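# Residue-level structural notes
What follows is each chain in one-letter form.
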Amino acid sequence: MTVKYLSDLKKGEEATILGFDPKFCQDIEFARDLEDRLLEIGFEEGLKVKILHEGLVSRDPIAVRIGQMTIALRRMEAAAVRINNGKY
Amino acid sequence: MPGTSHHITAALVGSPNCGKSSLFNSLTGSRQKVANYPGVTVERRSGKYTTADNQTITLLDLPGIYSLKDRTLDERVSRQIITGDHVSENQPDLLICVADSTNLRVHLRLVLELKHLGLPIILALNMHDMAQRDNIKIDPEILSKELGIPVVTTVAVRRGSLDDLKNQLSETLHNLPPKQGALAAPTTRELQQQARGITARAMLSEGTQHNITRQLDKIILHPVFGLIIFFITLFGMFQLVYFWAEAPMNLIEGSFAALQGLISDILPDNWFRSLLNDGIIAGVGSVLIFLPQIMILFTFILILESTGYMARAAFIMDRLMAMVGLNGRAFIPLMSSFACAIPGIMATRTIEHHRDRITTIMIAPLMTCSARIPVYALLIGAVVPNNSIIFGLFGLQGVVLFGLYLVGIVSALIVAAILKMTLTKGVAQPFLMELPKYQLPVLKHFLINLWERAKSFLRRAGTIIFYAAIGLWLLAQYPKKPIGGLEPDIFYSYAGILGRALQYIFAPLGFNWEISIALIPGMAAREVAIGALGTVYALQGNEGQVEQGLRTVIQNTWSLPTAFAFLAWYVFAPQCLATIATVRRETNSWGWATFMTGYLFALAYFAALVVNRATIAFLN
């Protein structure tokens, strides 16, 4: 089974957060901090995440719902969030 | 113990978007002071608060933080103050931790982290009304027991809803526990697990998902409609900034003219009258006249910010800004710069990252500010025929004006891209930001904030611009015309001497000595160059007559390449001392101010040269 990331989801799709893989970001300095930032803003293992909105060009950035919050991020950043590989 | 508690400082701490500043405004009202922390441009907001039983304390509104890991300048100041590491600020005696009730899990993690510092803490569960609306039920007593600190619920924007917090403050202040030694905090992940556990135990109902924000976002963040709404908002804003500002601007202009007339009547015609009228009133007046535009612009910006729309604007513009290596947040200050670069540069404080902030400051003056409009209008009126083009839909003059705006914007994007590849090079900053819930603005808080902006603008007009006006007046007035001199007075002054010396530098651009001289007083504010040209060409009469006369002079004596080069010069040249002074203050560095001045002059010179040569080639 291939690993799936938040950046793979389309608008309206929902998944559960499994973990974080900031190694996938090309820049090491960027990646080092990203996991902490994601955690601090409210991403957490086991929570549901749903893509609510997408930008016009390249479907970027995205706005996702976690709990009661709406969080905006780029797909590049979403590529560090590992999600379950279900249908949704 | 009234009297002994004067030195007690309580700091408001919380994540961004928790309503901390609203709470601060409600508690301190007009008894607040905004200054900068020494050496940095982070705003220090402090105020006095007196409890019902007459204990007065200092409240400090610290910049929002997500954790004690600081990434931005703002966050570093907060972290240093809370942990007692700040050079000039003492560690507070009490923390009032503000958390968003609708988002308890995330905000509790910060509370747990702060608890390890050993300071007394009161937890304010803010936005209690919204939590109730969304059917979220939290038991403050369970939470208080779990955390071991007092917990109160608050609605920062509603009067009377702060009573619990006020009572708790009095009580805590009476037996203020001593500070304890700080313990090492566990990792973010461990704190988060604890926070999740406590939230689960204290949360009686998790609430329903649907709310107004979700519904509004469906339209406002729609890929197509969202973009349309965004551009209508922008367009409407600029139209109204010009439209509404016209009457108060005329009023200010009229008042200054009346004041000058009054002084002319009272004082004899001597150097002192000239200093007052032509130096101070003309100079300071030429800047103060922008106060209405700046106030109206800030009105819009404050409303867009307090309602939560600004974060959506950042979302919508992020993609475009990403192309030049910035992120969506940098767009907001650039938008302000269309009215005036000064409030725009001040607004860059909201940009998280220092390098991105510097890049944005460096390109802000390229946004066509309102002071350029009188200059553009004069030149375009003089040299561009008033023809209709594209099936008579657009006037050629209007298209040229729009083109000048566009050149500014495109250049700004190019300069930003070059800077990001060189001087401000660095790792891309994550865009990651919370989109806050939509809220109605609160009139009182809005007025407090608007007054703060107006004050800082007026303070500048009273200091740096005042001195600059006197300096430029001296340059333009002395030495006096020798007896028998044939040229206008300004020709013989220091400004004239400087201008005539500069004409050798400006000759390749097609600028004559008259233009070169006018550029010097134009440093006070761009549109002053028009008045100076009037002086140089010895035109008499009121403003309208001078402009009419100038138009004729330009049509008859300036060549087309010269006029176009002058327009090109004005797109880029940093013809405004106030902007340069603001850059120096906001970056806290003469280096960046000098760099900006230098690169803009170089760009202006190069652009004017190219335009001049291209026009000559085209005409032949």
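Throughout, residues of each chain are indexed from 1 in the direction in which the sequence is written. Whichever chain is written first becomes A and whichever ligand is written first becomes 1, with later ones labelled in order. Only residues with pLDDT of 70 or above have their local features reported here, since the model is predicted, and side-chain atom pairs are shown and tallied only from 80 upward, although totals for entire chains, interfaces and linings are computed over all residues. Water and hydrogen atoms were dropped before computing side-chain values, which therefore reflect all heavy atoms in the structure.

### Quick look at the overall build of chain B
A run of DSSP states H or I qualifies as a helix once it reaches four residues; a run of E qualifies as a strand once it reaches two. Both are numbered from the N-terminal end. The number of helices and strands found in chain B is 27 helices and 12 strands. A globule of 620 residues ought to have a C-alpha radius of gyration of about 25 Å, and chain B, at 28 Å, matches this closely. Burial status follows relative accessibility: with a 1.4 Å probe on protein chains alone, a residue under 20% of its type maximum counts as buried, one over 50% as exposed, and anything between as partly exposed. For chain B, buried positions account for 54% of its 620 residues. Considering only contacts in chain B between residues 6 or more positions apart, those separated by 24 or more positions represent 72%. Of the roughly 26900 Å² of accessible surface on chain B, 64% is carried by carbon and sulfur atoms. Charge convention: Lys and Arg are scored as positive, Asp and Glu as negative, and His as well as the terminal groups of each chain are ignored. A charged residue contributes its charge at one atom only: NZ of Lys, CZ of Arg, CG of Asp or CD of Glu. With 49 positive and 40 negative side-chain charges, chain B shows a separation of 4 Å between the mean positions of the two kinds. In this treatment the radius of gyration is a C-alpha quantity, and the globule benchmark scales as 2.2 Å times the residue count to the 0.38 power. Two residues form a contact once any of their heavy atoms are found within 4.5 Å. The method behind every accessible area is Shrake-Rupley, applied with a 1.4 Å probe, and residues are considered shielded solely by the protein chains displayed.

### Focus: the overall build of chain A
Looking only at helices and strands, one finds two helices and six strands in chain A. Scanning chain A from its N terminus toward the C terminus, one meets helices and strands in the order β-β-α-β-β-β-α-β. When the 88 residues of chain A are sorted by exposure, 57% land in the buried category. In chain A, the share of contacts with a sequence separation of at least 24, taken over all contacts with a separation of at least 6, comes to 66%. Carbon and sulfur atoms make up 52% of the accessible area of chain A, which totals about 3900 Å².

### Let's talk about the interface of chain A and chain B
Contacts between the two partners involve 42 residues from chain A, matched on the other side by 43 residues from chain B. A simple way to read buried area is as the amount of 1.4 Å-probe accessible surface that goes missing from two parts once joined, with both sides added. Of the roughly 3800 Å² buried at the junction of chain A and chain B (both faces included), carbon and sulfur atoms supply 51%. When the buried surface of chain A facing chain B is broken down by residue, Arg 37, Glu 40 and Gln 68 of chain A rank first, second and third, together holding 22% of it. Basic side-chain nitrogens of Lys or Arg form a salt bridge, by our definition, when they fall within 4 Å of a carboxyl oxygen of Asp or Glu. Salt-bridge contacts for Arg 319 of chain B lead to Asp 60 of chain A; the nearest nitrogen and oxygen are separated by 3.3 Å. As used in this structure description, the phrase polar contact means that two N or O atoms lie within 3.5 Å; if the pair is within protein, one of them must be able to donate a hydrogen and the other to accept it, and residues adjacent in sequence are counted only when both atoms belong to side chains. Connecting chain A to chain B are 18 residue pairs in polar contact (both at pLDDT 80 or more). For the side of chain A that touches chain B, the secondary structure elements donating two or more residues are α1 (28-41), β3 (48-54), β4 (62-66) and β5 (69-73) of chain A. The leading source of residues in the side of chain A that touches chain B is α1 of chain A, at 11 residues. Counted by class, the side of chain A that touches chain B contains 19 nonpolar, eight polar and 15 charged residues. Charged residues are taken to be Asp, Glu, Lys and Arg, nonpolar residues to be Ala, Val, Leu, Ile, Met, Phe, Trp, Tyr, Cys and Pro, and polar residues to be all remaining types, Gly included.

### Regarding the nonpolar core
Counting residues in hydrophobic clusters, the biggest one holds 120 residues, and the most contacted among them are Phe 511, Trp 558, Phe 566 and Trp 569 of chain B. Once residues within four sequence positions are removed from consideration, Trp 569 of chain B is found in contact with Phe 506, Leu 509, Phe 511, Leu 519, Gln 575, Phe 601, Ala 604, Tyr 605 and Ala 608 of chain B. Here the nonpolar core consists of buried residues drawn from Ala, Val, Leu, Ile, Met, Phe, Trp, Tyr and Cys, with membership extended through side-chain atoms lying within 4.5 Å.

### Some thoughts on the packing of aromatic side chains
Residues and elements named next belong to chain B. In summary, the pairing rule links any two rings of Phe, Tyr or Trp, Trp by its six-membered ring, whose centres are within 6.5 Å, and it sorts them by plane angle into stacked for under 30 degrees, edge-to-face for over 60 and tilted for everything else. Across all of its chains, the model carries 16 aromatic pairs over all chains by this definition. Measuring from centroid to centroid gives 4.7 Å for Phe 491 and Trp 513, while their planes differ by 75°, and the two rings are edge-to-face. Pair noted here: Phe 491 is in helix α20 (residues 489-492) and Trp 513 is in helix α22 (residues 513-519), with a separation of 22 residues, a long-range link. Residue classification places Phe 491 among the buried residues on the basis of a relative accessible area of 13%.

### Thoughts on the environment of Ile 332 of chain B
Considering the arrangement of structural elements, one finds Ile 332 of chain B in helix α13 (residues 331-336). With 72 residues separating them along the chain, Ile 332 of chain B and Leu 404 of chain B place their C-alpha atoms 21 Å apart.

### Considering helix α15 (residues 354-363) of chain B
All names here are of chain B. Taken across its 10 residues, α15 has eight buried, putting it largely inside the fold. Of the residues making up α15, those classed as buried are Asp 356, Arg 357, Ile 358, Thr 359, Thr 360, Ile 361, Met 362 and Ile 363. The elements touched by buried residues of α15 are α13, α14 (341-347), α17 (396-421), α26 (577-587) and α27 (590-619).

### Regarding the sheet that holds strand β6 (residues 81-83) of chain A
Strand pairing is defined by DSSP finding a minimum of two bridges between the two strands. With antiparallel pairing, the seven strands of this open sheet are ordered in space as β1(A)-β6(A)-β2(A)-β3(A)-β4(A)-β5(A)-β12(B). The sheet is open, and its two edges are formed by β1 (4-5) of chain A together with β12 (433-435) of chain B, each paired on a single side. Strand direction decides the pairing type here: strand β2 (residues 14-20) of chain A and β3 of chain A, joined by three bridges, are antiparallel. Its bridge partner being in β3 of chain A, Ala 15 of chain A is matched across the sheet by Val 49 of chain A. In the packing of helix α8 (residues 212-220) of chain B onto the sheet, contacts are made with β3, β4 and β5 of chain A, and the angle to β3 of chain A comes to roughly 40°. The convention used is that axes are lines fitted to C-alpha atoms, helices contributing only their stretch in contact, and that angles between N-to-C directions extend from 0 to 180 degrees.

### Brief notes about a nonpolar patch on the surface
Residues enter a patch when their relative accessible area is above 30% and they make no salt bridge; the linking distance is 9 Å between like charges and 5 Å between nonpolar side chains (Val, Leu, Ile, Met, Phe, Trp, Tyr). On the surface, a cluster of nonpolar side chains totalling about 650 Å² of accessible area is made up of Leu 56 and Val 57 of chain A together with Ile 219, Val 224, Phe 225, Ile 228 and Ile 232 of chain B. With three residues, the single largest contributor to the nonpolar patch is helix α9 (residues 225-266) of chain B. Along the chain, Ile 219 of chain B turns up in helix α8.

### Regarding the packing of α15 of chain B against α27 of chain B
Residue and element names in this part refer to chain B. Following both chains from N to C, one finds α15 and α27 inclined at 40°, their axes separated by 10 Å at the closest point. On the basis of the axis angle, α15 is oblique to α27. Between α15 and α27 the crossing geometry is right-handed. On α27, the residues touching Ile 358, Ile 361, Met 362 and Ile 363 of α15 are Trp 592, Phe 595, Met 596 and Tyr 599. For the contact of α15 with α27, the per-class residue count stands at eight nonpolar, no polar and no charged. Every angle not falling under 35 degrees, over 145, or within 65 to 115 is termed oblique; those three ranges are roughly parallel, roughly antiparallel and roughly perpendicular. Crossings are classed by handedness, with left-handed meaning an anticlockwise turn of the near helix from the far one by less than a right angle and right-handed meaning a clockwise turn.

### What about helix α21 (residues 494-506) of chain B?
Given a rise of 1.5 Å per residue, 13 residues ought to cover 18 Å, and the 18 Å separating the end C-alpha atoms of α21 of chain B matches this to within 8%. Listed in full, the buried residues belonging to α21 of chain B are Ala 495, Gly 496, Gly 499, Gln 503 and Phe 506 of chain B. For a helix, the expected span equals 1.5 Å multiplied by the number of residues minus one.

### Here we look at the pairing of β4 of chain A
The side chains of a regular strand alternate, residue by residue, between the two faces of the sheet. Residues and elements named next belong to chain A. Counted residue by residue, β4 has five buried out of five residues, so it is predominantly covered. Burial of β4 is two-sided: the residues Ile 62, Val 64 and Ile 66 facing one way and the residues Ala 63 and Arg 65 facing the other way are all buried. Two strands pair when backbone bridges link them, and β3 and β4 are joined in this way by four bridges, in the antiparallel orientation. Bridge pairing links His 53 to Ala 63 in β4.

### A look at the pairing of β5 of chain A
Judged by how many residues are buried, β5 of chain A sits mostly within the fold: five of five residues are covered. In β5 of chain A, alternate side chains face the same way, and those of Met 69, Ile 71 and Leu 73 of chain A on one face and Thr 70 and Ala 72 of chain A on the other are all buried. Bridge count for β4 of chain A against β5 of chain A is five bridges, and the pairing is antiparallel. If you follow Ala 63 of chain A over to β5 of chain A, its bridge partner there is Ala 72 of chain A. Where β4 of chain A folds back on β5 of chain A, the antiparallel hairpin that results is connected by two residues, among which Gly 67 of chain A adopts a positive phi of roughly 55°. Bridge count between β5 of chain A and β12 of chain B: three bridges; the pairing is antiparallel. Bridge assignment links Ala 72 of chain A to a residue of β12 of chain B, and that residue is Met 433 of chain B.

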